[in-house]
Amino acid sequence: MPDLHPPLVYVEDSPEDYEAVRRSLRAIGFTGELHHYATGDDVLDYYAALLDAKKPLPRLLVLDLNLPGTDGRDVLVELRAHEQLRDLPVIILTTSQNPTDISHCQQLNVLSYLTKPVDLAELRTKLRHILAFIEAGDPPPSFA
Amino acid sequence: MEASTHIATDVDVTVTNCDREPIHIPGTVQAHGALLVVDRAGAVVQVSANVGIFIGRESQDVLNQPCSACFVDADGVRLMRALGDGQDWSELNPLPLVTHSGVRVNVIGHRQEGGTVLELEPSEDAIWYPEPQPVQRAIRALNRAATVEALQDAIVTEVKRLTGFDRVMLYRFDRDWNGAVVAEAAREGIGSFLGLRFPASDIPAQARTLYAKNTLRLIPTVEAETAALVPERNPLTRERLDQSACVLRSVSPIHIQYLKNMGVAASMSISVLDEGRLWGLIACHHYAPRYVPYRLRAASDLLGQVFSMQFALRRKQFATSVAADARQHLTRLVERTVEAEHITSVLCGMAEDKHGDEYGEEPGRFSALDLFDADGIAVCLEDEVCLLGQTPSSEHVYALLDWIADRNHEAGRTLVQTDSLRDVLPARLAPIAKDCAGMLAVSVADDWTSAVVWFRKEEPQTVTWGGQQKQAHVEEDGTLTLHPRASFEAWQEQVTGQATAWSDADVEMAGELRRVLVRVILQRAEELARLNADLTRSNAELDAFAYIASHDLKEPLRGITNYAQFLIEDYADELGEDGQAKLLTIARLGQRLDTFIDSLLEYSRVGRHELTAEEVPIERALEESKELVHARLSEKRGRVDVVGDLPVVLGDAGRIVDVFANLISNGLKYNESEPPIIEVGSVPVARLSENQLERLPENHVLLFVRDNGIGIRPRHFEAVFGIFRRLHGRDQYGGGSGAGLTIVRRIVERHGGVVWVTSDFGEGSTFFFSFPVAP
């Protein structure tokens, strides 16, 4: 296991949710960089800049769906339409339990669809899926 | 003779023989006048045997001689000129001439096949001409009559005044040619025939035909001799003389007997025609012989014609005003039908009429029964029947509509009517005719599933006949003698099963209402389709709204809860135990609110989302639901037992799994037994209790989930299904939102099923619920 985990990109407009995820990731032992973007437009710009500079892409994107501006659904559609980002591993972390969202995201080939729990302990359990993926380099076992 | 008598007495002799009697060729004339038939040259070819009385020469001396020889020279020349000129006799009549023997006569002529017929009537009183005044007076009286009834009274009064008959009646035929006296003017002391009915056989068909052709007949005395025509057959036609247009035509002995039986000595009748059809008669009776001279007869005939015209006019005015009233009713009904939410209520007059004022009437109840004269109405729309007034039962109405549909649907008929249901209904439907005789039905849907039916009672129920009809008698010598009834004492007969016929206006109005209803119902269907589309759209919007609302509610909630926990994590020492406990309460309340939001969201989805219909083996649904409640099942160390075979139902698999998951979860949650046991099964049809059978919808299978939990008190059996309704403290039995059973009921009811609970408090509960059984 490397000393440092590879960086994780997290798109989240709620500062409180970001804080909860940040704290929880640290609490379960995530040591890598956490790149935080609050809007869909920001994260798309970030990927565009990396591609322009021909820099390596972070291994995993954790994406919220309800975002101001270009929302998470649109971000996902744009990524999948982009030649070089088509296969970027994406995990959805959202409040939405709408079956339409779930099936939509499944079709757009996300690794996992996680709903945000109110209970902090439950959140940590779900984040361990993500961490496991980062560490193993394998997709998490199933949708949760 | 024996044989024919036998046959004759087997049938209704009076009617049959009367109908066959060739009354237009009697071969005789009434002997108060004489008749001559002359050829084109003016020679006499046929003559009545009594001619000698009038001209002083016997028939043998007159035949084949110029007819001019029958009159004094100058008048003979006048007659020959009239014959030769081809003049219109209706303008010449009567021609006052003096006969060879010096008798003053009126000659009334007409041309027909077989020569010109000259009828001679003695004119001792032929110098009597009615003054114009009485005729004008009579016509003025007819013109003044404001109503049909007043007009009827006026004609009998004026004819009596003009002719001096003892009794003048207006006699009206019904559609079966029975007659009724509808107006009468009679001298005192001879009783009244007003309102009496007379059977059609009293005036047989061939007599009615003659009455329509020749509008006035006179019998000056029933005792008069008749005079035979000589020769018997007209030499020009080789037939008996057709006397249809003759004034002297001798009357059937049956008719004379009829008059004698009534005590009548002289009679006159004037035909009343309605558009060429015999409508009735102005019948005049006198109890002593009475001769009415030609001019007076012509005046009476004129009055009859004026009456006919005035009557037709009044009736049209009346029909127009009735139609105008009906049309106004229809307009009101249509306005209200278009506005109404419930068409049946409007048609049955169950809604207040707020338009009353516009028609200058008090707002009130008003229904399709007021469109025209009917005793009851059945409105059958959208699988619902509404009865108003006198109608058959609703079961009978449905049976009637089925029967109508069978006979008329394919033919495309949308309106059917009868005035005697008894005559048309098959035996199995005969009881329907007990309540109603007349029926007028319109189909509002193509296949008669929706219809409006009007009913009429039998009418009239009692007919007062002018005397009881008697059979013909066979005399001892074997000849058949017709005896018209001797007694004209009023005789009552009960007539059943016949209603007043529906008029053209009634039928038109019903058809009009039908067109309006079809249009309104079509509009409603279109509106419904539009509303459905709106509903689908707004459902989708509501769905999106529900998710967005739940997201926006949950995000701050999560923040609050998490931050409370951060505080505990980061400042445990400073907070102390009390501070930590309070922050934990915040976190717990946040989680509780989160559960509520989830339940609301689920409940709203269950209510609105379309259900799929697939075959669902309960066994599989049960397995899936056990996975959903796996955590609780292992936590409580409970088990789920299947009792007997599980059926396959028809429904939405996901929702059926939800039902089991909710019920099993509840059964485990509210359970203190060790171990908690949940039994799942179905109740075989044969073992359904009476109560269960009554509740179970058709083609449904009854399932149950039974637990050995804490049970429910009977007074809560219904309340447990209410939303967010809990029976226990909110932290007892693992908390929860209280929406689970509400969702269960919603799912079951959306499948057309029923759900209920039975319980022995403290022993456990059994939830029964039904789903459509898979075919």
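What this report covers is the structure whose coordinates are included nearby. (Residues numbered from 1 in each chain as written. Chains lettered and ligands numbered in written order. Predicted model: local features only at pLDDT ≥ 70, side-chain atom pairs only at ≥ 80, totals over all residues. Heavy atoms only, no water.)

### What about the overall build of chain B?
Then, number 1: When you go through chain B residue by residue, the secondary structure sums to 21 helices and 29 strands.
Then, number 2: For chain B, the proportion of its 775 residues judged to be buried stands at 48%.
Then, number 3: For chain B, the share of sequence-separated contacts (at least 6 apart) that also reach a separation of at least 24 residues comes to 68%.
Then, number 4: Element-wise, carbon and sulfur atoms account for 51% of the exposed surface of chain B, whose accessible area totals about 38,700 Å². (Helix = DSSP H or I, 4+ residues; strand = E, 2+ residues; numbered from the N terminus. Buried < 20%, exposed > 50% of the residue type's maximum accessible area, 1.4 Å probe, protein only. Contact = heavy atoms within 4.5 Å. Areas by Shrake-Rupley, 256 points an atom, 1.4 Å probe, with all protein chains shown as cover.)

### Some thoughts on the pattern of salt bridges
Residues and elements named next belong to chain B.
Then, number 1: Per the stated rule, a full pass over the model turns up 31 salt bridges over all chains.
Then, number 2: In this structure, the salt-bridge partner of glutamate 121 is arginine 297, at a minimum N-O distance of 3.1 Å. Placement of glutamate 121 in strand S6 (residues 115-122) and of arginine 297 in helix H11 (residues 294-339) is noted, with a sequence separation of 176 residues between them. The exposure classification of glutamate 121 matches that of arginine 297, with both residues buried. (Salt bridge = Lys/Arg side-chain N within 4 Å of Asp/Glu carboxyl O.)

### Section: the packing of aromatic side chains
Remark: the centre distance and the inter-plane angle together describe each pair of aromatic rings, the angle taken between the planes.
Residues and elements named next belong to chain B.
Then, number 1: Scanning the entire structure with this criterion turns up 18 aromatic pairs over all chains.
Then, number 2: With centroids separated by 5.6 Å and ring planes inclined at 35 degrees, the aromatic side chains of phenylalanine 307 and phenylalanine 311 adopt a geometry described as tilted. A residue pair is termed a helical-turn pair when its members lie 3 or 4 positions apart in one helix, as phenylalanine 307 and phenylalanine 311 do in helix H11 at 4 residues. Across the pair, exposure class does not vary: phenylalanine 307 and phenylalanine 311 are buried alike.
Then, number 3: An aromatic cluster of at least three residues, connected via ring pairs, comprises Tyr171, Phe173, Trp177, Phe193 and Phe198.
Then, number 4: Stacked on the ring of tyrosine 211, the Lys or Arg arginine 217 has its end atom at 3.6 Å from the ring centre. (Phe/Tyr/Trp six-rings, centres within 6.5 Å; stacked < 30°, edge-to-face > 60°. Lys NZ or Arg CZ within 6 Å of the ring centre and 35° of its normal.)

### As for the side chain of His751(B)
Then, number 1: Tracing the backbone shows His751(B) in the loop between helix H21 (740-750) and strand S28 (755-760).
Then, number 2: Apart from residues lying up to four places away in sequence, His751(B) is in contact with Leu611(B), Leu650(B), Gly651(B), Asp652(B), Arg655(B), His700(B), Phe771(B) and Pro772(B).

### Focus: the interface of chain A and chain B
Then, number 1: Between chain A and chain B, the contact holds 19 residues from the first and 20 residues from the second.
Then, number 2: Taking both partners together, chain A and chain B bury about 1,800 Å²; carbon and sulfur atoms supply 51% of that area.
Then, number 3: For chain A, the biggest contributors to the area lost against chain B are Arg23(A), Thr95(A) and Val118(A); these three give 36% of the whole.
Then, number 4: The interface formed by chain A and chain B holds 4 salt bridges in total.
Then, number 5: In this structure, the salt-bridge partner of Arg124(A) is Glu569(B), at a minimum N-O distance of 2.9 Å.
Then, number 6: Seen at the junction of chain A and chain B, the total is 7 residue pairs in polar contact (both at pLDDT 80 or more).
Then, number 7: For the side of chain A that touches chain B, the secondary structure elements donating two or more residues are helix H1 (15-27) and helix H5 (120-136) of chain A.
Then, number 8: Ranked by residue count, the leading element in the side of chain A that touches chain B is H1(A), at 6 residues.
Then, number 9: Residue classes in the side of chain A that touches chain B are distributed as 6 nonpolar, 5 polar and 8 charged. (Buried area = accessible area lost by both parts, 1.4 Å probe. Polar contact = N/O pair within 3.5 Å; in protein donor to acceptor, adjacent residues only side chain to side chain. Nonpolar A, V, L, I, M, F, W, Y, C, P; charged D, E, K, R; others polar.)

### Re the sheet that holds S28(B)
Residues and elements named next belong to chain B.
Then, number 1: Here 5 strands make up an open sheet; going across it, the order is S24-S26-S27-S29-S28 and the pairing mixed. At either end of the open sheet lies a strand with only one pairing partner, and these are strand S24 (639-643) and S28. For this sheet, the mean angle separating the axes of adjacent strands, direction not counted, is 20 degrees.
Then, number 2: The pairing of S24 with strand S26 (residues 677-683) spans 5 bridges and is parallel. Note on S26: the bridge partner recorded for valine 640 is isoleucine 678.
Then, number 3: Across the sheet, helix H19 (residues 653-669) lies against S24, S26, strand S27 (700-707) and strand S29 (764-772), angled at about 175 degrees from S29, the strand it touches most.
Then, number 4: Most of the contacts of H21 go to S29, to which it runs at about 25 degrees, and overall it touches S28 and S29. (Pairing = 2+ DSSP bridges. Axes fitted to C-alpha atoms, helices over the stretch in contact; angles between N-to-C directions.)

### Quick notes on the packing of helix H17 (residues 618-628) of chain B against H19(B)
Packed helices, taken two at a time, are described by the angle their axes make and the gap between the axes.
All names here are of chain B.
Then, number 1: Across the interface, H17 lies against H19 with an axial gap of 8 Å and an inter-helix angle of 55 degrees. Considering the angle they form, H17 stands oblique to H19. The two elements H17 and H19 cross, and the hand of that crossing is right-handed. Where H17 approaches H19, its residues Ile618, Ala621, Leu622, Glu624, Ser625 and Leu628 are matched on the opposing element by Ile656, Val657, Asp658, Phe660, Ala661 and Ile664.
Then, number 2: Its residues assigned to classes, the contact of H17 with H19 shows 9 nonpolar, 1 polar and 2 charged. (Parallel < 35°, antiparallel > 145°, perpendicular 65-115°, else oblique. Left-handed = near helix turned anticlockwise from the far one by under 90°.)

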